[in-house]
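Below, each chain spelled out in residue letters.
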Amino acid sequence: MADSGRSRPADPDAVDGRTSSPLTGKKRAQQSPGLRTKYQSSASDHYFRKVTLTKPTFCHSCSDFIWGLVGFLCEVCNFMCHEKCLKTLRSVCSCVTPTLIRVPVAHCFGPAGQKKRFCCVCRKPTEGNTALRCEVCELHVHADCAVFSCADCRSCHLDGTTEQDTFHHHWREGNLASAARCEVCRRSCGSSDVLSGMRCEWCGITSHAACYLSMPPECTMGRLRGMMLHPFCVRLDSRNFSKMHCYRIAENCSHDLDNSDEVDPSALGGKDGPTAAAESGKQYLKVFDGDDAVKRGLFRPVSILRATKNEEVVEAALRAFYLPDNPQDYELHEIGGQQRLHSDDILNRNGGPDNRGSLKEGGDSWMLRSKPQDTEVIKVYAGWPRSGPAFVSVSVSTSSTAASVLTEVLSQLHRQEEETSGFSLVEVYMGSKQVLKQTLTPQEKILEKLQEIRKMSLRQMNQTRLFVVENRNRAAQVSLLIGGLPPLLTKEEYVTMIQEHLKIKSHLVTISHIYTSQGAVSLQISCFSEAERLYMLAKDTAVNNKTLTSLVIPDIMHGILGDMCPLLVFVNPKSGGMKGRELLYGFRKLLNPHQVFDISNGGPLAGLHTFREVPRFRVLVCGGDGTVGWVLGVLEAVRHKLVCREPPIGIVPLGTGNDLARILRWGPGYSGEDPHHILVCVDEAEEVLMDRWTILLDAQDISEDGKDNGFLEPPKIVQMNNYFGLGIDAELSLDFHLAREDEPDKFTSRFHNKGVYVKVGLQKISYTRSLHKELQLQVDSQNIQLPNIEGLIFLNIPSWGSGADLWGSEVDARYRKPSIDDGLLEVVGVTGVVHMGQVQSGLRSGIRIAQGNYIRLTVSKPIPVQVDGEPWIQPPGHIIISAAGPKVRMLRKSKQKQKKAAAAAKDGRSESPSSREGGH
């Protein structure tokens, strides 16, 4: 119904879809006195007029500079082009975008940041705080343009009603990198000056708008297809959930964009506003598109000349609402009055004082209404895959019902032999943020339904479509992961707790998985409304003063993955001074968002549970060493529930130290590399093994003679990947940790963090603690005499304190050369802050004490300790370090890729052919 088509008069001058000639425009102008000469493109439905250029301008079709003084500007979407480009124009006007959608998918809007992009609706720059971007696709819009965009986001999964036989490119216009090249003609197609060029949002190929239609429609997923989670392999019944819920994206927009956005009504007036209209001597009108807009106080300001025919006023109002219909089918009604403008009326507000007053207050208020029709031609789309045209046209009258339309549609689709009872007519509203579906009853009058929607909102009518779908009694299957429960309970206790707090209906809900170590359960729900109730209730429920988390989990159909090895991505958006947020955005664009997880929302368990039945996958962790340790710890705890128990793990370093990333060649820290280049490096990385260690901390009251006098607190077990430190090293880490907790907003960059470390170290420069008197060390059952040191460190990797080589490179016959998979820990001592500073600067190394695979420590006094940068004060007692089960598989960046990346950074280039500005 978006293009339900009020029958528009045929254009006798448009032959084979080509653009009308300038002569045609002159004929039209002569037929309607007062109208400016216009050049309507019937191929793309632009409404062009010839304009005189007063500043440097670029063509939106070919992105070349427009030489001379004359250009052609679309009055609706601000599309600008050469006269020569009118004949080959393929970019459609924003007003007809809803007619091109085959499968409507809602967007997930979030703040766009400060980078320059172009709005996909009005084509103007979107710099500033009011810009929005879709978190899943490359749609960029102004906040006040969002309601005029439609549901053309990427389809990232199949639901219970969607079927697709082939996978096509998903083209998005504009916002390409300046270096982008056309896949067809190999010429440059990117531009930083205008919205031009086309890009497939799955495979990343780019093309001119005039060239892309000549390419095969099937998409092969491009360079990243080996690690992509194909949409055909993901099923998610999402009827009652928004896309924000499905992709686990926090709703960070302060207004509801789909409900006619709660913004200043005057902001909907375009970028010029009433003041500019008044200054230019034009009349300024407030135009509403329906009863809903009047109720919400949301209008579009329309500026026209002071003496203007009604037909021109109606046309200007239609274009302000991005409606492509014929002005003859509409009329304006004055709100609060009885006046109605007819086609021969002239709106002249040049007169008396009352009119001047209304102009000063913002103009008159008018309602744009469609004229009642006795017959109409509507388009009905097939809700199943089919070749050929996407829709069939049906003529309806006042007596036409949904049943009669259904019969006619099935006849045109050559399925008339099938019973109409097996099909339904479904009304689909394709709003930018939400897709709403309503099944029409067989007796419902179609024309009355159309008039009802138009009366409510003409914009909504333009984004509404009719589908014919097959009736299926497929049972709903929704999977929810509920987290935040107390860990280490019995299965019966979890069942009781879920029933007590969530009041689940046992005949609709089953508990499919229980993760006792994580305090989480997975629910399988066979009713949409029950799934929605549990999802919302869990978010408002607290157990032991801890709020529960609730996540919608997709179903990966692992049987059709084939030889693909999808990548599971975890991103910590709090790491790296907001760089994690940009990486999260970038990876959602390049991959399927169902394989990209915000680790601050549900932790690593959500991703590992989603991939539990995938036979082969890899993991990419974007964060600091603490984030990597978190993922490894959860993986170790739930390994027995995964089909792929040892997925290899790569790292994007976002933390301060990033020692593990350094020795695996992923670099000292993320500095804005192109996300596409990162993914290619992960795909080509080599697998290596790494030891992990278990630390048992057994706090006991130990007297001076070494006797145990009972437990001070229950024993605890932690996992160690990088290093374990006691003494001065851990005390500096603890002071830094406390400072960051006090003022977290100040710790947003690695440079500042290291500065704080230096400041804390200088404060401890005169610190003395005879650590050798407080510790007893045993390595492989041998007692080790400690030298006079202030800090003791156990190393699993040859990098410590942001890349320092604490063990040193000197050859010593007493010890083996350290390696991350040799099953040994290196025991090193430091004498104080000065010694640590010398190690950091490469002037010295630590004091080598021992090597071994079983460590036992006896601590006689409370002491600061830290494991992989996580510090605390450990009471006296015993500490035992031993190997933690099987070695873990890590991904190490290949040396060739490392050299290429260094060369590209030196030259200021990125080797990714699809790289975009700003790393998006």
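Bear in mind the structure is a predicted one, so any value in this text is a computation, not a measurement.

Enquirer: Describe empty space enclosed by the protein, with residues and values.
Expert: Using the criterion set out here, one finds six cavities of 30 Å³ or more in the structure. Here the lining of the second largest cavity is composed, by residue class, of five nonpolar, three polar and four charged.

Enquirer: Describe the nonpolar core, and please don't skip the residues or the numbers.
Expert: Grouped together as the largest cluster of nonpolar side chains are 141 residues, with contacts concentrated most on Leu-368, Phe-587 and Leu-620. Per element, the largest residue contribution to this core is six residues, and it comes from helix 14 (residues 625-638). Not counting chain neighbours up to four residues away, the residues in contact with Leu-620 comprise Leu-567, Leu-568, Val-569, Phe-570, Phe-587, Gly-650, Ile-651, Val-652, Ile-678, Leu-679 and Val-682.

Enquirer: Hey, could you go over the packing of aromatic side chains for me, with residue numbers and the actual values?
Expert: Under the defined criterion, the tally for this structure stands at 16 aromatic pairs. Ring centres of Phe-570 and Phe-597 lie 6.2 Å apart, and the angle between their planes is 45°; this geometry places the pair in the tilted category. Note that Phe-570 is positioned in strand 31 (residues 567-571) and Phe-597 in strand 32 (residues 596-598), a separation of 27 residues in sequence. With respect to burial, Phe-570 and Phe-597 carry one shared label: buried. Every member of this aromatic cluster is reached through a ring pair, and the members are Phe-58, Phe-65 and Trp-67. One cation-aromatic arrangement involves Arg-154 over Trp-202; the distance from NZ or CZ to the ring centre is 4.3 Å.

Enquirer: Quick rundown of the environment of Tyr-247? Include the residues and the values.
Expert: Mapped onto the elements, Tyr-247 comes out in the loop between helix 2 (243-246) and helix 3 (273-279). Ignoring any residue separated from it by four or fewer positions in sequence, one finds Tyr-247 in contact with Cys-108, Val-136, Arg-154, Cys-156, His-157, Arg-588, Pro-593 and His-594.

Enquirer: Outline the pairing of strand 23 (residues 464-470), listing residues and values.
Expert: Of all seven residues in strand 23, five are buried, a share of seventy percent or more. Here strand 19 (residues 375-382) pairs with strand 23 via three bridges, running parallel. In the sheet register, Val-380 faces strand 23, and the bridge partner there is Leu-466.

Enquirer: Give a description of the packing of helix 12 (residues 579-590) against helix 16 (residues 675-683) that names residues and reports values.
Expert: Packing of helix 12 against helix 16 brings their axes to within 9 Å, and their N-to-C directions diverge by 70°. By the angle between their axes, helix 12 is roughly perpendicular relative to helix 16. Considering how the two elements wind past one another, helix 12 and helix 16 form a crossing that is right-handed. When helix 12 is examined against helix 16, the residues Leu-583, Gly-586, Phe-587 and Leu-590 are found in contact with a partner set consisting of Pro-675, His-676, Ile-678 and Leu-679. Of the residues that constitute the contact of helix 12 with helix 16, the class distribution is six nonpolar, two polar and no charged.

Enquirer: Outline the pairing of strand 33 (residues 618-623), listing residues and values.
Expert: Extensive coverage of strand 33 is indicated by the burial of six of its six residues. Burial of the side chains of strand 33 extends over both faces: Arg-618, Leu-620 and Cys-622 are buried on one face and Val-619, Val-621 and Gly-623 on the other. Judged from the five bridges that link them, strand 31 and strand 33 form a sheet pairing that is parallel. Pairing of Val-569 across the sheet is with Leu-620, part of strand 33.

Enquirer: Explain the state of the cysteines residue by residue, including any values.
Expert: Overall, the coordinates contain zero disulfides when judged by the stated rule. The thiol of Cys-156 is unpaired, and the distance to the nearest cysteine sulfur, on Cys-153, comes to 6.2 Å.

Enquirer: Please provide a residue-by-residue account of helix 7 (residues 402-412), values included.
Expert: Residues of helix 7 that are buried include every one of Ala-402, Val-405, Leu-406, Val-409 and Leu-410, and no others. Within helix 7, the buried residues cover an arc of 130° as seen down the axis, which keeps them to one side. In this structure, the buried side of helix 7 is in contact with strand 19, strand 20 (391-397), strand 21 (423-430), helix 8 (446-456) and strand 23. Once helix 7 finishes, His-414 follows within two positions and takes phi at roughly 60°, a positive value.

What counts as what
Residues numbered from 1 in each chain as written. Predicted model: local features only at pLDDT ≥ 70, side-chain atom pairs only at ≥ 80, totals over all residues. Heavy atoms only, no water. 1 Å grid on protein atoms, 1.4 Å probe; cavity = no way out; pocket = protein on both sides within 12 Å on 5 of 7 lines; lining within 4 Å. Points joined across faces, edges and corners; volume = space filled by probe spheres on them. Nonpolar A, V, L, I, M, F, W, Y, C, P; charged D, E, K, R; others polar. Core = buried A, V, L, I, M, F, W, Y, C linked by side-chain atoms within 4.5 Å. Buried < 20%, exposed > 50% of the residue type's maximum accessible area, 1.4 Å probe, protein only. Helix = DSSP H or I, 4+ residues; strand = E, 2+ residues; numbered from the N terminus. Contact = heavy atoms within 4.5 Å. Phe/Tyr/Trp six-rings, centres within 6.5 Å; stacked < 30°, edge-to-face > 60°. Lys NZ or Arg CZ within 6 Å of the ring centre and 35° of its normal. Pairing = 2+ DSSP bridges. Axes fitted to C-alpha atoms, helices over the stretch in contact; angles between N-to-C directions. Parallel < 35°, antiparallel > 145°, perpendicular 65-115°, else oblique. Left-handed = near helix turned anticlockwise from the far one by under 90°. Disulfide = S-S within 2.5 Å. Arc of directions from axis to C-beta.

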